[in-house]
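Chain and residue survey
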Amino acid sequence: MRHPIILTLFAATVGLSACEQSGEAQVERALQDLNVIDETNLNDVMLTVGDPDEAVRYFANANANDPGRIDLQRGLAKSLIRAKRPTEAITAWQTVVANEEASNLDRVELADAFIRANQWDDAAATLNTVPPTYETFQRYRLEAMVADSRQQWDKADSFYETAVGLTTRPATVYNNWGFSKLTRGDYAAAERMFGDALRFNSNMFTAKNNLVLARGAQRNYSIPVIPMTQIERAQLMHTMALAAIKQNDITIGKSLLNDAINTHPQYFEEAARALEALENNTGN
């Protein structure tokens, strides 16, 4: 007569145990999900605001502890680029590209790393593995730079133009395009490109400096009317002076060096040295 009671108690105990196990499993899954979220946030921080070398160490350790995860492999490769270690980044991106989950973007990133390491043929070969249907700003920007390295000017212009149309922030593309024109000796076109770069990013000092070089190459030694700080103005005068001296316009070069020294709010050692050397050479 006691068997039904025992069976009932046993069933209740088993049921309670199953519920406890189910609850523990749910808690464990929830904790795992929370850990993934926390890790993802930390990965994002490391890739954006963290110290680049610290990020390299973080992702290197993460890859060692959990090998084969493509997100961690990408994190290491991107961190090496941020840390200005392109040769190591190439190896890291090659690991990513070898992963079965690799994308066309990963191949473009590998090409970027090759370019940063001055390995242009490898960059070109890598871009050739990306199908032509993959049309992105970064892909065409790199294609243009590779064409530039081979002096394939028509192709470079075409790629630069396409890249400009694929981004809302084309300042860097215009700056690269302008430098390409400067290299070819097309100084007027270069000046226009650098002006376009500054229209989209008025703070880009590289474009300001390149604009001055393009004007100087045309013997136009006036400082362009663009937004600049007092220090930038002095630096641009120094650049313009060197451009004038290079073309044997010595008197103009001296005047610009003096203006640069007087304009700079601190002592402008580089301009002062250039002026002293110029005066010594002229005197001799």
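Only a predicted model underlies this, so the values are computations on that prediction, with no experimental measurement involved. (Residues numbered from 1 in each chain as written. Predicted model: local features only at pLDDT ≥ 70, side-chain atom pairs only at ≥ 80, totals over all residues. Heavy atoms only, no water.)

So, the overall build of the protein
Filter applied, for reference: Think of it this way: any DSSP run of H or I at least four residues long counts as a helix, any run of E at least two long counts as a strand, and we number them from the N terminus. With a 1.4 Å probe rolled over the protein chains alone, any residue whose accessible area is under 20% of its type maximum counts as buried; one over 50% counts as exposed, and the rest are partly exposed. Surface exposure here means Shrake-Rupley accessible area, sampled with a 1.4 Å probe, where a residue is shielded only by the protein chains that are shown.
Each helix and strand counted, the protein has 14 helices and zero strands in total. Across the protein, helices and strands are ordered from the amino to the carboxyl terminus as α-α-α-α-α-α-α-α-α-α-α-α-α-α. Looking at the 284 residues of the protein, the share that counts as buried comes to 39%. When the accessible surface of the protein is totalled, it reaches about 16400 Å², and 52% of it is carbon and sulfur.

A word on the pattern of salt bridges
Definition in use: What counts as a salt bridge is simple: a side-chain nitrogen of Lys or Arg found within 4 Å of a carboxyl oxygen of Asp or Glu.
In total, this model carries 17 salt bridges according to the counting rule given. The residue aspartate 157 makes a salt bridge to lysine 181 at a minimum N-O spacing of 3.4 Å. Placement of aspartate 157 in helix H8 (residues 153-165) and of lysine 181 in helix H9 (residues 171-184) is noted, with a sequence separation of 24 residues between them. When its relative accessible area of 17% is taken as the criterion, aspartate 157 is described as buried. Residue lysine 181 is classed as buried on the basis of its relative accessible area of 11%. With a closest N to O distance of 3.1 Å, arginine 219 and aspartate 249 form a salt bridge. Here arginine 219 is found in the loop between helix H11 (205-217) and helix H12 (230-246), whereas its partner aspartate 249 is found in the loop between H12 and helix H13 (250-263), with 30 residues between them in sequence.

What about the nonpolar core?
Soluble globular proteins tend to pack their nonpolar side chains together in the buried interior. Note the cut-off: Definition used in this section: a nonpolar core is a set of buried Ala, Val, Leu, Ile, Met, Phe, Trp, Tyr and Cys residues joined via side-chain atoms within 4.5 Å. The contact definition used throughout considers only heavy atoms, calling two residues in contact when any of these lie within 4.5 Å.
Judged by nonpolar contacts, the single largest core of 56 residues is most densely connected at Trp93, Leu142 and Tyr160. Sequence-distant contacts of tryptophan 93, defined by excluding residues within four places in its chain, comprise Arg74, Ala77, Lys78, Ile81, Asp106, Glu109, Leu110 and Ala113. Ranked by size, the runner-up nonpolar core spans 17 residues in total, among them Met240, Ala244, Ala260 and Leu275.

Quick look at the packing of helix H4 (residues 86-98) against helix H5 (residues 104-116)
Short version of the rule: Fitted lines through C-alpha atoms serve as axes, helices being fitted only where they are in contact, and the angles separating the N-to-C directions of these axes extend from 0 to 180 degrees. Should an angle fall under 35 degrees it is called roughly parallel, over 145 degrees roughly antiparallel, and 65 to 115 degrees roughly perpendicular, with every other angle called oblique. In this scheme, a crossing is called left-handed if the near helix is turned counterclockwise away from the far one by less than a right angle; it is called right-handed if the turn is clockwise. Three classes are used, and their members are as follows: Ala, Val, Leu, Ile, Met, Phe, Trp, Tyr, Cys and Pro are nonpolar, Asp, Glu, Lys and Arg are charged, and the others, Gly among them, are polar.
The N-to-C vectors of H4 and H5 enclose an angle of 160°; their axes lie 9 Å apart at closest approach. The angle between H4 and H5 falls in the class roughly antiparallel. The two elements H4 and H5 cross, and the hand of that crossing is left-handed. Residues Pro86, Ala89, Ile90, Trp93, Gln94, Val96 and Val97 of H4 pack against Asp106, Arg107, Glu109, Leu110, Ala113, Phe114 and Arg116 of H5. Considering only residue class, the contact of H4 with H5 consists of nine nonpolar, one polar and four charged.

As for the packing of aromatic side chains
Where we set the bar: Pairing of aromatic rings covers Phe, Tyr and Trp, the last counted by its six-membered ring, and requires centre-to-centre distances within 6.5 Å; plane angles under 30 degrees mean stacked, over 60 mean edge-to-face, and any other angle means tilted. Lysine NZ or arginine CZ positioned within 6 Å of the ring centre and within 35 degrees of the ring normal marks a charge as sitting over the ring.
What the rule picks out here adds up to five aromatic pairs. When the ring of tyrosine 174 is compared with that of tryptophan 177, the centres are 6.3 Å apart and the planes differ by 10°; the resulting orientation is stacked. Here tyrosine 174 pairs with tryptophan 177, and both are found in helix H9, just three residues apart, close to one helical turn. In this structure, tyrosine 174 and tryptophan 177 share a single accessibility class: buried. Taken together, the ring pairs connect Tyr160, Tyr174, Trp177 and Phe200 into an aromatic cluster. The ring of tyrosine 140 is capped by arginine 139, whose NZ or CZ atom sits 6.0 Å from the centre of that ring.

Points about the side chain of aspartate 157
Defined as follows: As used in this structure description, the phrase polar contact means that two N or O atoms lie within 3.5 Å; if the pair is within protein, one of them must be able to donate a hydrogen and the other to accept it, and residues adjacent in sequence are counted only when both atoms belong to side chains.
A polar atom in the side chain of aspartate 157 sits 3.4 Å from the side chain of lysine 181. Aspartate 157 has contacts with Trp177, Lys181 and Arg184, leaving out every residue within four places of it along the chain.

Comments concerning the confidence of the model for the protein
Here is the rule: Predictor confidence is given residue by residue as pLDDT, running from a minimum of 0 to a maximum of 100.
Chain-level pLDDT for the protein is 88 on average; 84% of the residues reach the 70-or-more range. Residue range residues 4-16 is modelled with pLDDT below 50. Its contacts to residues more than four positions away, or to other chains, number zero contacts. For residues 30-37, every residue scores under 50 in pLDDT, and the model assigns this stretch zero contacts once sequence neighbours within four places are set aside.

Some remarks on the layout of surface pockets
Inclusion rule: A 1.4 Å probe that fits but cannot get out identifies a cavity on a 1 Å grid over protein atoms alone, an open set with protein on both sides within 12 Å along at least five of seven lines counts as a pocket, and a residue lines either if it has an atom within 4 Å of a point. Grid points are joined across faces, edges and corners, and a volume is the space filled by probe spheres set on the points.
Approximately 260 Å³ is the volume attributed to the largest pocket. Along the walls of the largest pocket sit Trp120, Arg141, Met145, Asp148, Ser149, Trp153, Tyr160, Asn176, Phe179, Ser180 and Thr183, which together make up its complete lining. Counting residues per element, the ones that place at least two in the lining of the largest pocket are helix H7 (137-149), H8 and H9. In this structure, the second largest pocket spans a volume of roughly 200 Å³. Every residue lining the second largest pocket is listed: Leu182, Tyr187, Leu213, Gly216, Ala217, Leu242, Ala243, Lys246 and Gln247. Of all the secondary-structure elements, those providing two or more residues to the lining of the second largest pocket are H11 and H12. Here the residues of the lining of the second largest pocket are counted per class, giving six nonpolar, two polar and one charged.

Some thoughts on H7
As a reminder of what qualifies: Here, expected helix span is obtained from the residue count minus one, scaled by 1.5 Å.
The first and last C-alpha atoms of H7 sit 19 Å apart over 13 residues, in line with the 18 Å expected at 1.5 Å per residue. Burial analysis of H7 places 11 of its 13 residues in the buried class, which makes it a mostly covered element. When H7 is considered as a whole, its buried residues turn out to be Gln138, Arg139, Tyr140, Arg141, Leu142, Glu143, Ala144, Met145, Val146, Ala147 and Asp148. Where H7 is buried, its residues contact H5, helix H6 (120-127), H8 and H9. Looking one or two residues beyond H7, the residue adopting positive phi is glutamine 151, at roughly 55°.

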